[in-house]
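Structure assessment
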Amino acid sequence: MIQSLRRFWASGVSIASVLAGFWLGALPPQPVQGAETIKFAVGGPLVVPISIDALETFAQTGEISGDLRLVARFVDGELLTLMRSGLNRPIPLSANTVAHLTYSPLGRDTLFNLGKLIRPHPEVHGATSLRAAMINAAVANPEGWTLIDVLRAFPTENIAVSLEDLLTIRRSLATFLSYNQAVVEAIQQQAAAEATAQPTIDLATLPDLTQPGPYAFQKETIVVENSVVRQTSTGLNVNYDFPVDVYLPQGTPGPAPIVILSHGFGDIKESFTFIAEHLASYGFVVLLPDHVGSDLAYRQQFLQGRLNTLLSPMEFLNRPQEISFLIDQLERLVAMSPSWADRLDLDRIGIMGDSLGATTALSLAGAEITYARIAEACGPDSFSLNFALYLECRARFLPPQNYQLRDDRIKAIYVTHPMGGHLFGPEGMSQIAIPLMMVVGSNDIVSTMVTEQAHPFIWSQANPKYLALLQVGTHFSSKPGHETSSDTSGTSGGGNEAVNQVFSLLTGQHRDVGTRYSKALSVAFWQTYLQDQASALPYLTARYGQAVSVDQPLRLDIIQALTPEQLVTAYGRTPPVPILPPSVAVPPPPRNETVLGEIERTGVLRVAFRNDAPPFGYIDSQNAWAGACGTMAIALSRHLTTALDTPVDIQVAELTSTLQNRFDLVRDGVVHLECGPNTIRTDVPGVAFSHPFYVTGAKFLVPSDRAATNFSQPGLRLGVLQDSTTEAFVRSTYPNATVVTFSGAKDREQAVQAVVAGAIDAFVSDSVLSAAERDRQNLSPSQFALVPEVPLTCEYYGLILPLNDPEWQTTVNSLLRESEGIAAAFEQNLSEFNYCLNR
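Here's a quick rundown of the structure.

Some thoughts on the sheet that holds strand E26 (residues 762-766)
Strand pairing in a sheet relies on backbone hydrogen bonds, with the paired strands running either antiparallel or parallel. Across the sheet, which stays open at both edges, the five strands sit in the order E25-E24-E26-E23-E27 with mixed pairing between neighbours. With partners counted over all chains shown, the strands left at the sheet margins are strand E25 (738-742) and strand E27 (784-787), one partner each. Within the sheet, the average angular offset between the axes of one strand and its neighbour, ignoring direction, is 30°. Bridge count for strand E23 (residues 698-703) against E26 is four bridges, and the pairing is antiparallel. The residue bridging Phe700 from the neighbouring strand is Val764, located in E26. Those strands touched by helix H29 (residues 747-757) are E23, strand E24 (717-721), E25, E26 and E27, and its axis lies near 145° from that of E26. Taken strand by strand, helix H30 (residues 767-776) contacts E23, E26 and E27, and its axis lies near 120° from that of E26.

Remarks on helix H6 (residues 95-102)
The element H6 is largely enclosed, with a buried count of seven among its eight residues. Among the residues making up H6, those that are buried are Ala95, Thr97, Val98, Ala99, His100, Leu101 and Thr102.

Examining the pattern of salt bridges
Taken as a whole and judged by the stated rule, the model has 27 salt bridges. Two residues, Arg343 and Glu220, come together in a salt bridge whose shortest N-O distance is 3.5 Å. Residue Arg343 is located in helix H15 (residues 338-343), and its partner Glu220 is located in strand E4 (residues 217-226); the two are separated by 123 residues in the primary sequence. With a shortest N-O distance of 2.6 Å, Arg348 and Asp345 are connected by a salt bridge. Salt bridges sharing common partners tie together Lys219, Asp245, Lys269 and Glu270.

Observations regarding the packing of helix H11 (residues 178-196) against helix H20 (residues 449-459)
Axis separation between H11 and H20 bottoms out at 11 Å; the angle between their running directions is 30°. As judged from the angle between their axes, H11 and H20 are roughly parallel. The chirality of how H11 crosses H20 is left-handed. From H11, Tyr179, Asn180, Val183, Val184 and Ile187 reach across to H20, where they touch Met449, Val450, Ala454 and His455. Its residues assigned to classes, the contact of H11 with H20 shows seven nonpolar, two polar and no charged.

Notes on the nonpolar core
Counting 101 residues, the largest nonpolar core has Ile260, Leu287, Leu362 and Ile413 as its most contacted members. If near-sequence neighbours (up to four positions away) are discounted, Ile260 is found in contact with Leu287, Pro289, Ile323, Leu326, Ile327, Ile349, Gly350, Ile351 and Met352.

A word on the side chain of Lys479
If you trace the backbone, Lys479 turns up in the loop between strand E13 (465-471) and helix H21 (495-507). At 2.5 Å, the side chain of Lys479 forms a polar contact with the side chain of Asp267.

Notes on the pairing of strand E11 (residues 410-416)
Among the seven residues of E11, six are classified as buried, and the element is accordingly described as predominantly covered. As paired strands, strand E10 (residues 344-354) and E11 are joined by six bridges and run parallel to one another. Paired with Ile349 across the bridge in E11 is Ile410. Note: E11 against strand E12 (residues 436-441), four bridges, orientation parallel. Paired with Val415 across the strands is Met438, a residue of E12. Once the chain exits E11 it traverses helix H19 (residues 421-429) before rejoining the sheet at E12, and the crossover so formed is right-handed.

Structural notes on the state of the cysteines
Applying the stated criterion across every chain, the model contains three disulfides. Note that Cys378 is cross-linked by a disulfide to Cys393, the S-S spacing being 1.9 Å. As the torsion about the S-S bond is roughly -85°, the Cys378-Cys393 disulfide counts as left-handed. Here Cys393 lies in the loop between helix H18 (387-392) and E11 and Cys378 lies in the loop between helix H17 (371-377) and H18, a separation of 15 residues in the sequence. Residue classification places Cys393 among the buried positions, given a relative accessible area of 9%. Sulfur-sulfur distance for the disulfide between Cys629 and Cys675 comes to 2.0 Å. One disulfide, between Cys629 and Cys675, carries an S-S torsion of -75° and so falls in the left-handed class. One end of the pair, Cys629, is in helix H26 (residues 628-644); the other, Cys675, is in strand E20 (residues 673-675), and 46 residues separate them in sequence. Cys675 matches Cys629 in its accessibility class, with the two residues each being buried.

A look at the sheet that holds strand E16 (residues 612-613)
The sheet built from three strands is open, its strands ordered E16-E17-E18 with antiparallel pairing. Each of the sheet's edge strands pairs with one partner strand only, and the pair in question is E16 and strand E18 (625-626). When strand E17 (residues 617-619) meets E18, the two strands line up antiparallel, connected through two bridges. Looking across to E18, one finds that Ile619 is bridged to Trp625.

Notes on the packing of aromatic side chains
Counted according to the given criterion, the structure contains 18 aromatic pairs. Ring geometry for Phe700 and Phe711: centres 3.8 Å apart, planes at 5°, overall stacked. Of this pair, Phe700 sits in strand E23 while Phe711 sits in the loop between E23 and E24; the two residues are eleven residues apart in sequence, bridging distant segments of the chain. Judged by its relative accessible area of 2%, Phe700 falls in the buried class. Residue placement shows Arg343 over the ring face of Trp340; its charged tip is 4.6 Å from the ring centre.

So, the side chain of Ser724
Mapped onto the elements, Ser724 comes out in the loop between E24 and helix H28 (725-733). Among the polar contacts made by the side chain of Ser724, one reaches the main-chain amide nitrogen of Glu727 at a distance of 3.1 Å.

Conventions used here
Residues numbered from 1 in each chain as written. Predicted model: local features only at pLDDT ≥ 70, side-chain atom pairs only at ≥ 80, totals over all residues. Heavy atoms only, no water. Pairing = 2+ DSSP bridges. Helix = DSSP H or I, 4+ residues; strand = E, 2+ residues; numbered from the N terminus. Axes fitted to C-alpha atoms, helices over the stretch in contact; angles between N-to-C directions. Contact = heavy atoms within 4.5 Å. Buried < 20%, exposed > 50% of the residue type's maximum accessible area, 1.4 Å probe, protein only. Salt bridge = Lys/Arg side-chain N within 4 Å of Asp/Glu carboxyl O. Parallel < 35°, antiparallel > 145°, perpendicular 65-115°, else oblique. Left-handed = near helix turned anticlockwise from the far one by under 90°. Nonpolar A, V, L, I, M, F, W, Y, C, P; charged D, E, K, R; others polar. Core = buried A, V, L, I, M, F, W, Y, C linked by side-chain atoms within 4.5 Å. Polar contact = N/O pair within 3.5 Å; in protein donor to acceptor, adjacent residues only side chain to side chain. Right-handed = clockwise from strand over helix to strand, strands pointing away. Disulfide = S-S within 2.5 Å. Phe/Tyr/Trp six-rings, centres within 6.5 Å; stacked < 30°, edge-to-face > 60°. Lys NZ or Arg CZ within 6 Å of the ring centre and 35° of its normal.

Take a look at the structure:
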């Protein structure tokens, strides 16, 4: 592992960018005079100057001379060896390629991370200087440049580095190096202990599950329609279709169990044809969906500059929902077609996933996205070399709540090289209660084995659970090589060679061996937990791992348990990252009676919504209650009538809510939910929010001839609704304005009338509400404009729900996700949706 990471780190600071294969345009600046000295802040006022010459001597000969001796006292030999290897490594990237990479989104983020550590001055961030230094080093050394060249090209006389920052790097590297090795040793010791209690295995007496099974199969493709809004390779789409390859075994004695496999980020479903065909030959129906918001086509469109985000935060929700929609479609096929009914056993469904697809699978198995963990790990001052965390941090742009995406139709889960340690945390992973197999690689430097896999395995309460460690395995060791297709597609020009070099390093060797292990383990796992074949259990033991690893370059260790104490003992000191991090939330006590229980007992669903908030709830021209919330309430009552199997239809009791009493109505149990323009928040006691059903943002409603007004100028009269989140935003953002508040049953109506009368200069509110009220008052958009073009804020609306009833929250979220009628009722402004998700 150490040798692998040395080569990886030594490839240069643009590795993370190369990993994603970025290729965007920029021109290199002209070379400038470079740095001569690194000023190393050891602590307090002590600053040790180290000449670049001394550092270069160390890189070339290993000699530690001059003031470098003092600094070396504060770091260990492992870090010094790593530093020397990195300083010497030539980086074969042209100046143009470096410019393209460092101006890409991931490149900018990488430089931002590194700029916290390497600065032109202790108080000045170093990202801009680093970019210039890298480009200038490449200009001066077209055949290949080193990090020494970057230091010499740094555009200031001195470079500031602190001991604290260097130790931050050391702690981050420890998850790849010494602590990673200790965790590997702990797993191997646990495997050895488990093996002593298991019967000896003679491979000659066991069927070879790496070979094809007895069933022929055929491939079909079905198309699933999804009504959810999402980012795709053609932009933001609604009601998009996605293809699913179905591998159907022939001649099975009855309906066959089903395995659904979710591919990783930037990958293609065809990468897993090998495992689909293999499992089908053993009598499993295998489905390979294409996740259109994070597949190869999406990645290629991004690299060509046609999309503005590497990974939409909604992918963490959309991917699991696509699998659930796929299962829904299977249920429809079985209900409508005797042919499908004869082939599919819907009571035996398993989920597989690789990389980001493993994250998808974990969500479906019950791992809850824990927002507080993401916020904690992805703060502005955080530093990490973990690429998986970079992707997981995209979830911090989701509305601030936890997300439970469990699908109870899934009976077992098998994942390879997962990411999600920070996405789920101990709170989320502990929700998994079905059989789990987790395959990991000791040399995984894309999704670090320690934080993304070993620790989450400990957190999981799955029963049973298995961890299969591929010693010297990488993130890609469980599938055949496709380096010339999906793995490196999306690059062009001279950067392609560099990408291929780095990708070869990332993928490692002996993928053929890892693929064989994957075939055998997956067949055995699914035979055990979907086909109830106890004869397959020996393949899931430490003894099998020992037997199959003989004379193989890739060692397989299989364990069923691991404890924090074992990791601490193997490491010999406190780990650099906590195995069981402190709790971030305390769950509320349960209700005396669940909402569903009360509705079933009384036959009444109590819903509150506004009569002054078109298009969600309002009084129309016929003095009747209208709006999307009414449509939602009726759909929910029908859903509950079916779900609870009540003898009479569930009735809807509609109550009026206001901006002031909406939370109290739910908190005090007066209603079961409140529907309206409610921004999802974390600071309202006693209530929870559903998943978001609408995205909008604040804009100014002004007379069109004042659309270009500078709203920061003093003296402007800005109207807001009292006690709204917009009021707080306006008071903090426009302190020179005179804030005029409106309240009461007709607050919004009166605010818009005040704009028309000139009593206020602008009314600030969520654009969807202002536009609807403008239309209700028959005001023309050509006379009264909503500005600016992009919203001032981004507001995610959710239904207000009781805090202490997760069953009710799951029921409501499922309806929001699955009901096309509700999706149509809450008609989304796609441009605002796109901006807010990808800002």
